[in-house]
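Structure assessment
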Amino acid sequence: EAETLRAGAKETISREPSASTLEVCRRAKIIGESPQFRYCLYCAEQAARRYLGMISSDGKPGTLFISGETGTGKSALARLIHALSDRARKPFHELNCAAIPVTLAESELFGYVKGAFAQAFSDKPGFFEVADCGILFLDEIGKTSVDFQGKLLKVLDTGEFTRLGSTTTRRTTC
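What follows deals with the pattern of salt bridges. Throughout the structure, instances matching the rule amount to 13 salt bridges. A salt bridge links E160 to R171; the shortest N-O distance between them is 3.5 Å. Placement of E160 in strand 7 (residues 160-162) and of R171 in strand 8 (residues 169-171) is noted, with a sequence separation of eleven residues between them. You can call R171 partly exposed: its relative accessible area is 40%. Salt bridges sharing partners connect three or more residues here, namely D123, E129, R163 and R170.

Set out below in structure tokens:
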């Protein structure tokens, strides 16, 4: 809890997650009681409500960055934020960027057109297209190449990407 003075009176502001957030956690088997954990849940709730529903003035969706060591629960936190957000009815996609080669990661995220490489027999949309206004959680980005990180940054910054083998720029829809 944080304390503040307002007009000379002492008032307490709660930094606790709501009952509905705690219920979502219970159903998802996310457990913890420490003050730090409860504050983390509060922050997740705020992120879901304040940022994921936002569309900026240039039409880009809200973006969140979750950092932490491998195995600290970033994926569980991302799924919780998804469940608490207005995007809960939309898909949640997760891609471990470190587990696949860079060239495959690019085709998975950006998609490709027929003929882009030997086994590209038809066009295939990437995760940025099929996320369909839901959540795309990109895990272990820091373990990918600097070149690949630059391509991701461009999409996150501009909302634009190009399928492999194409010259047409596409925009993420949400």
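Having put the structure on the table, let's press on.
Counting 14 residues, the largest nonpolar core has L80, I81, L84 and F92 as its most contacted members. Listing elements by their share of this core, those giving two or more residues are helix 1 (19-27), helix 2 (35-50), helix 3 (74-84) and strand 6 (135-139). Setting aside residues no more than four positions away along its own chain, L80 makes contact with V24, C25, I30, L41 and A44.

Every other side chain in a regular strand lies on the same face of the sheet, so the side chains alternate between the two faces. Taking burial as the measure, the five residues of strand 6 include four buried ones, the bulk of the element. The pairing of strand 3 (residues 92-96) with strand 6 spans five bridges and is parallel. Counterpart to N96 in the pairing with strand 6 is D139.

Describing an aromatic ring pair means giving the distance of the ring centres and the angle of the ring planes. Inspection of the entire model under this criterion finds five aromatic pairs. Both rings, one in Y112 and one in F117, keep their centres 4.8 Å apart while their planes meet at 65°; by these two values the pair is edge-to-face. What links up through ring pairs into an aromatic cluster is the set F110, F128 and F161.

Turning our eyes to something else, we now look at the confidence of the model for the chain. Per-chain confidence: the chain averages 84 in pLDDT, with 86% of residues scoring 70 or above. Contacts of residues 1-13 to residues separated by more than four positions or lying in other chains number 15 contacts, the stretch itself having pLDDT below 50.

Another aspect to go through is the layout of surface pockets. The volume enclosed by the largest pocket comes to roughly 950 Å³. In terms of lining, the largest pocket is formed by 41 residues, of which the most central are T63, L64, L136, L138 and L156. Mapped onto the lining of the largest pocket, the elements with two or more residues apiece are helix 3, helix 5 (127-130), strand 6 and helix 6 (146-158). The volume enclosed by the second largest pocket comes to roughly 190 Å³. Of all the secondary-structure elements, those providing two or more residues to the lining of the second largest pocket are helix 2 and helix 3. Counting residues per element, the lining of the second largest pocket draws most heavily on helix 3, at four residues. Within the lining of the second largest pocket, the residues separate by chemical class into eight nonpolar, four polar and one charged.

Procedures and definitions
The numbers attached to residues start from 1 for each chain and follow its sequence in the written order. With pLDDT at 70 or above as the cut-off, local features in this predicted model cover only qualifying residues; side-chain atom pairs require 80 or more to be listed or tallied, and sums for whole chains, interfaces and linings still use all residues. Based on all heavy atoms of the structure, the side-chain values leave hydrogens and waters out of the count. Salt bridge criterion: a side-chain nitrogen from Lys or Arg within 4 Å of a carboxyl oxygen from Asp or Glu. The helix count covers DSSP runs of H or I at least four residues long, the strand count covers runs of E at least two residues long, and both are numbered beginning at the N terminus. Burial classification: accessible surface area is computed with a 1.4 Å probe over protein chains only, and a residue below 20% of its type maximum counts as buried, one above 50% as exposed, and the rest as partly exposed. Put simply, a nonpolar core is a bunch of buried Ala, Val, Leu, Ile, Met, Phe, Trp, Tyr and Cys residues held in one set by side-chain atoms that sit within 4.5 Å of each other. For this analysis, residues touch if any pair of their heavy atoms sits within 4.5 Å. Pairing between two strands is assigned when DSSP locates at least 2 bridges connecting them. Note on aromatic contacts: the rings of Phe and Tyr and the six-membered ring of Trp form a pair at centre separations within 6.5 Å, being stacked when their planes are under 30 degrees apart, edge-to-face when over 60 apart, and tilted otherwise. On a scale of 0 to 100, pLDDT captures the predictor's confidence in every residue. As defined here, a cavity is a set of points on a 1 Å grid over the protein atoms alone where a 1.4 Å probe fits but cannot get out. A pocket is an open set with protein on both sides within 12 Å along at least five of seven lines, and residues line them when an atom is within 4 Å of a point. Grid points are joined across faces, edges and corners, and a volume is the space filled by probe spheres set on the points. Any residue outside Ala, Val, Leu, Ile, Met, Phe, Trp, Tyr, Cys, Pro, Asp, Glu, Lys and Arg is labelled polar, Gly included; the first ten of those are nonpolar and the last four are charged.

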